[in-house]
Amino acid sequence: MKKILLAIAILCSLASAQPDADAYQWPRSYFASIGFNVIANRGDLFKRSVRIQTEDGTTETINFPQTKVLMSPDYNIGVNIREFSVAASFQYWSMTGEINGIPEDLKEQDIRFWRLGVELTYNFFYPESFQAGIGLGYSFSALKANNSAMSEKGLANSELMGSAIAFIGNVRYYITDYFCLNPALRIYENWYKAVNTKNSGTVEFHDNDISYVWQTYIAISISAMVQF
């Protein structure tokens, strides 16, 4: 309790001192951007499938999509605080891809992927019109593929769910005070830890003694950003 009272007293004394406000002011602005990603990926999705137990004891095999190059739009909103930027990001795409391990005439199926995350970057050379940034991100993602789960009951859709850590490098080139171009490179280390199917519901891999499904996504993007 004494430490709390002492901290409050120190804060009050600092506030009453009223130093030069400009010396401690951190300029703040907000931004929104929309861009386009080309994404290459590799990892466990191309090496194996997994087998899970349904609630009634039936074994179900989850076959993974084999698509190695993906494309998607990229949406971001955030705030700049001096050299730092904090953003919420969203990606979504759907496409036709190949599913390994199912009958040949059914290999081509619809695939949908989405990612929702947060990113923190540090922008070198602030407040110049040209800035280079590095940062980290965390995201939740889901990968759904039609007719990719096989069991005695037939084919069903499956949806892999997991998280990722992102390593970010980007460049900001301000054409005006309010508009800039923002090319970026992101490397996502993604681990899928659960799957959902019609027959099984949501199954955690560790509950079935299955190791996580790891996948690396390398995304190159170009975005147009508005700052206000």
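Since the model is a prediction, treat every value here as computed from it, not as a measurement.

Turning next to the pattern of salt bridges. On inspection of all chains with the given rule, the structure shows four salt bridges. One salt bridge connects Arg82 with Glu83, and the closest N-O pair in it is separated by 3.3 Å. A salt bridge links Glu119 to Arg186, with the shortest nitrogen-to-oxygen separation between them at 2.9 Å. Separated by 67 residues along the polypeptide, Glu119 in strand E6 (residues 108-124) and Arg186 in strand E9 (residues 179-197) bring together distant segments of the chain. We note that Glu119, like Arg186, is buried.

For the coordinates displayed, the defined rule picks out eight aromatic pairs. Between Trp114 and Phe140, the ring centres sit 5.6 Å apart and the planes meet at 50°, which makes this aromatic pair tilted. Here Phe140 lies in strand E7 (residues 130-151) and Trp114 lies in strand E6, a separation of 26 residues in the sequence. The exposure class of Trp114 is partly exposed, given its relative accessible area of 28%.

The pairing of strand E4 (residues 69-81) with strand E5 (residues 84-98) spans eight bridges and is classified as antiparallel. Within the sheet, the bridge partner assigned to Gly78 lies in E5 and is Ala87. Between E4 and the antiparallel strand that follows it, E5, lie two residues; Arg82 among them carries a positive phi value of about 50°. Here 15 bridges tie E5 to E6, and the two strands are oriented antiparallel to one another. Of the residues in E6, the one forming a bridge with Val86 is Leu120.

What counts and what doesn't
Residues numbered from 1 in each chain as written. Predicted model: local features only at pLDDT ≥ 70, side-chain atom pairs only at ≥ 80, totals over all residues. Heavy atoms only, no water. Salt bridge = Lys/Arg side-chain N within 4 Å of Asp/Glu carboxyl O. Helix = DSSP H or I, 4+ residues; strand = E, 2+ residues; numbered from the N terminus. Buried < 20%, exposed > 50% of the residue type's maximum accessible area, 1.4 Å probe, protein only. Phe/Tyr/Trp six-rings, centres within 6.5 Å; stacked < 30°, edge-to-face > 60°. Pairing = 2+ DSSP bridges.

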